[in-house]
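Geometric and topological summary
So the chains spell out like this:
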Amino acid sequence: MPSIRLPDGSIRRYDRPVTAAEVARDIGPGLAKAALGAKVDGELSDLARPLERDCALAIVTARKREGGADPDGLFLIRHSTAHVMAEAISRLFPHARLVYGPPLETGFYYDISVEGGRPISSDDFPAIEAEMARIIAEDRAFTRYEMPAAQGMEKLRAEGSKFKLDNAERAREAGSASLSWYATGVPGTDWEDLCRGPHVPSTGRIGAFKLMSLASSYWKGDESLDRLTRVYGTAFATKEELAAHLTQLDEAKKRDHRVLGRQLRLFHVDEMVGQGLILWTPNGSIVRQELQNFISEELRKQGYTQVFTPHIGKLDLYRTSGHFPYYRESQYPPIVEHEQMAALAKEGCSCADLANRLEKGEVDGYLLKPMNCPHHIRIFASQPHSYRDMPVRLSEFGTVYRWEQSGEIGGMTRVRGFTQDDAHLFCREDQVAQELLGCLSLVKLIFGTLGMHDYRVRVGLRDPDSAKYVGDPRNWDKAEDACRTAARTLGVPFSEEPGEAAFYGPKIDFVVKDVIGRSWQLGTVQVDYNLPERFDLSYIGADNQAHRPVMIHRAPFGSMERFIGCLIEHFAGAFPLWLAPEQARVLPISEKSAEYARGLHAALAGAGLRASIDESNDRIQAKIKSASEMKIPYLAVVGPRDAESRRVSVRAFGIEANLGEVGLDEFVDRLVREHRTRGAETLRGTLGR
RNA sequence: GCCACCGUAGCUCAGUGGUAGAGCACACCCUUGGUAAGGGUGAGGUCGUGGGUUCAAGCCCCAUCGGUGGCUCCA
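None of these values were measured; they are calculated from a predicted model.

**Notes on the pattern of salt bridges**
- Counting across every chain of the model gives 52 salt bridges.
- Put simply, Glu582 and Arg585 hold a salt bridge, and the shortest N to O gap is 2.8 Å.
- A network of salt bridges, in which partner residues are shared, links Glu87, Arg91, Glu131, Arg134, Glu138 and Arg140.

The following block contains the structure:
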């Protein structure tokens, strides 16, 4: 007879099996009414599932005790909404075959095959939503029933959906002895779906929902299999929460770096130039230059040297490095010289022949560089090295080109040409650990200075079942160990992910999310025992013998393009003074103060600050508004009063008030100091805000 | 690359087959105003591009380029 422990520690004993719904009723009518599901020994379950043995039980509602939405409650609501949507679509699109419909962090989706019938379009959303509203209004119970796996498979075979058969097959492989269905209403009469559950008690418990978007997907994520239509939606316990979520999405859209990039004129992508090729406009170039100055200073402190290398190199270079053979599909095609081309044409060489001969190395050409390492390696190899010189640290803001799939390109985060803040460290094996730490501390310093604390760390290891990796497995083991050890010293939680390594070595990546919730890899540190071997690199050791160096590839920003894309969103376009394209704007109240304002502007410019002056005949309110739209950190409002006392009235971005007056010279000095300290000392801070 | 949707003024968008619209931005004039939009006038578009249907196409059809959301991919 079950004795049931509740979250507050109290125990309820029953002399017969009960359901969670009954326990909730015993606790109180309010809870019974609010209950959506149950957590039995930590596992989410239906409210109606019988509890036969002793267990720990928590009743799941839409709301946590301490306030806010309960993730388990949302899970139940969203999973159930997915079912209701599937039923609605099945009614409206009789040819639709359901595949798989899970809840997500912010909603749910359902993958549906509409092969051989009318496709679903977003124009159909109102009709689908209306049908869903009807199903919800009918308030039908989600009714679970089970049957033994063999019998269940029989039933599915009779129904003839390969998708559901496959789902069932996988459930069996995962060890289920039975299969379960959920009917919305009466099994056998009402609509049903093969499903593990759990669900809310009835359709009426779905508070508020909305269909969001339409996308396509592949069955099991395999592009050679069926193409499916994926309908995304979201659901909440109340209309208010749904509205708040939609507002939040709207706000996020305003922080989107593509929107802000246009508004603040930071960058431009031009149809005529090419997809995924970023044009850095003057404002964006300032941000980039400031970041590059910042990192260059740190590199000098850490003993790096700087190099410049060209954007192309011979194909043979990339055959040796392995880039050309391993990543041919993701590179711009090779460049072949005029005379070679003419000779080949004379021979009647076809495009297919050319590709073939380039691959075999019978024809040489040049490649737009996909990575900087081969060039840096040849710099290292251009001179003999002693163990005393090691490590050699070569850095370059190196621009590379990769042929990304057209559908994947967008904004600054996924592009075809980008500049890495790259460096290659050639070191002795006994120096690897120390150098890795140096790289990681640099990454931490950069992220810390910019206030980016919301990132995760991934240690990418090789996939033991894949053949795409080059080099000796023993070297891989050593390198993977070095990465693990270094990551541990970071003091940040990290995950180890097999299959995420580069083809030449394991890596430590820094991953951040954009406003839409997509993850992007930024900084990366990679240990490489393989390229030194492929290029036969060596240094002379204390024993007067040649030794093989180890390479570390590292780029703390990753690429300037992607990093700044993420940085725009991080600051919502409101850059700190040292990064801001326009740092201060002088706003004269009227023409009467124009001369004083020009003097102030000249003083700011003379001190090396990026300042402008608004001499339009707008009123001060309008001047403030247009300056605010450009998110300028400081506004200096000057009128006759200020001119007389040689002071300025200061306004800082994001604070809708006059921060007070400071003397002209002090204002200039403060801003200079704020710039020089990269925001460690701010004027707004000293003005008490 | 695949699927869906979108492409109209510098920007944001309206315009369902019959002579291209609004707001903001821009130019000029009036206004000289102390902390998030003072008023007026004006200029600005071969409706992404190329074909087709039609008496007539921004609107319908096809192709193509580009964008967005996903999928797949990402050294």
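**So, the packing of helix H5 (residues 149-159) against helix H6 (residues 162-173)**
- Packing of H5 against H6 brings their axes to within 9 Å, and their N-to-C directions diverge by 165°. Overall, the two elements H5 and H6 adopt an arrangement that is roughly antiparallel. Note on packing geometry: the crossing formed by H5 with H6 is left-handed. For the pair formed by H5 and H6, the contact residues are Ala149, Met153, Leu156 and Arg157 on the first element and Lys164, Leu165, Ala168, Glu169 and Arg172 on the second.
- Its residues placed into classes, the contact of H5 with H6 shows five nonpolar, no polar and four charged.

**Overview of the sheet that holds strand S11 (residues 178-184)**
- Taken in spatial order, the three strands make up an open sheet running S10-S11-S12, and their pairing is antiparallel. Only two strands of the sheet have a single partner each, and these edge strands are strand S10 (142-148) and strand S12 (192-194). Across the sheet, the mean angle from the axis of one strand to that of its neighbour is 25°, orientation sign disregarded.
- Bridge analysis of S10 against S11 gives seven bridges, and the strand direction is antiparallel. Directly across from Arg144, in S11, lies its bridge partner Tyr182.
- Helix H3 (residues 71-92) contacts S10, S11 and S12 of the sheet and is inclined by roughly 85° relative to S10.

**Focus on the protein's contact with RNA strand B**
- Near RNA strand B there are 57 residues, and of these Ser216, Arg227, Gln275, Ser406 and Glu408 occur at the shortest range.
- A share of 49% is what sugar and phosphate atoms reach among the atoms of RNA strand B within 4 Å of the protein.
- In the environment of RNA strand B, a phosphate oxygen lies 3.0 Å from a nitrogen or oxygen atom belonging to the side chain of Arg262.
- Here Gln275 contributes a side-chain N or O atom positioned 2.6 Å from a phosphate oxygen of RNA strand B.
- Mapped onto the surface near RNA strand B, the elements with two or more residues apiece are strand S13 (208-218), strand S14 (227-236), helix H8 (257-263), helix H20 (620-629), helix H21 (640-645) and strand S32 (647-652).
- In the surface near RNA strand B, the residues fall into 17 nonpolar, 21 polar and 19 charged.

**A few points about the sheet that holds strand S1 (residues 3-5)**
- The mixed open sheet is built from five strands, whose spatial order is S2-S1-S7-S4-S5. Two strands bound the open sheet, and with one partner strand each, they are strand S2 (11-13) and strand S5 (43-45). Across this sheet, the average inter-strand angle for adjacent strands is 35°, counted without regard to direction.
- In this sheet, strand S7 (residues 55-60) lies alongside S1 in parallel orientation, the contact comprising two bridges. Paired with Arg5 across the two strands is Ala56, which belongs to S7.

**Here we look at the packing of H3 against helix H4 (residues 125-137)**
- Contact geometry of H3 with H4 gives a least axis separation of 9 Å together with a crossing angle of 120°. With respect to the hand of their crossing, H3 and H4 are arranged in right-handed fashion. Within the contact between the two elements, H3 uses Thr81, Val84, Met85, Glu87, Ala88, Ile89, Arg91 and Leu92 and H4 uses Ala127, Ile128, Glu131, Met132, Ile135 and Ile136.
- Grouping the constituent residues of the contact of H3 with H4 by class yields 10 nonpolar, one polar and three charged.

**Side note on the side chain of Asn372**
- Mapped onto the elements, Asn372 comes out in the loop between strand S19 (366-368) and helix H14 (373-381).
- When residues no more than four places from it in sequence are discounted, the contact partners of Asn372 are Glu396, Gly398, Thr399, Val400, Gln420, Asp422 and His424.

**Quick notes on the pairing of strand S23 (residues 494-498)**
- With five bridges connecting them, strand S22 (residues 455-461) and S23 associate as parallel partners. Bridge assignment links Val459 to a residue of S23, and that residue is Glu496.
- Following the backbone out of S22, through helix H16 (residues 473-490) and into the adjacent parallel S23, one traces a crossover that is right-handed.

**Quick word on H3**
- For H3, built from 22 residues, the straight-helix expectation of 32 Å at 1.5 Å per residue is met to within 8% by its first-to-last C-alpha distance of 31 Å.
- Regarding H3, its N-cap is Asp70, as a side-chain oxygen of that residue lies 2.7 Å from the backbone nitrogen of Asp72 further along.

**Brief notes about the confidence of the model for chain A**
- Mean pLDDT over chain A: 92, with 100% of residues reaching 70 or higher.
- By mean pLDDT, helix H13 (residues 351-360) is the weakest element of chain A at 86, and H14 is the strongest at 98.
- For this predicted complex, the interface score ipTM comes out at 0.94, alongside a pTM of 0.92.

Calculation notes
Residues numbered from 1 in each chain as written. Chains lettered and ligands numbered in written order. Predicted model: local features only at pLDDT ≥ 70, side-chain atom pairs only at ≥ 80, totals over all residues. Heavy atoms only, no water. Salt bridge = Lys/Arg side-chain N within 4 Å of Asp/Glu carboxyl O. Axes fitted to C-alpha atoms, helices over the stretch in contact; angles between N-to-C directions. Helix = DSSP H or I, 4+ residues; strand = E, 2+ residues; numbered from the N terminus. Parallel < 35°, antiparallel > 145°, perpendicular 65-115°, else oblique. Left-handed = near helix turned anticlockwise from the far one by under 90°. Contact = heavy atoms within 4.5 Å. Nonpolar A, V, L, I, M, F, W, Y, C, P; charged D, E, K, R; others polar. Pairing = 2+ DSSP bridges. Near = heavy atom within 4 Å. Polar contact = N/O pair within 3.5 Å; in protein donor to acceptor, adjacent residues only side chain to side chain. Right-handed = clockwise from strand over helix to strand, strands pointing away. Expected span 1.5 Å × (residues − 1). pLDDT = per-residue confidence, 0-100.

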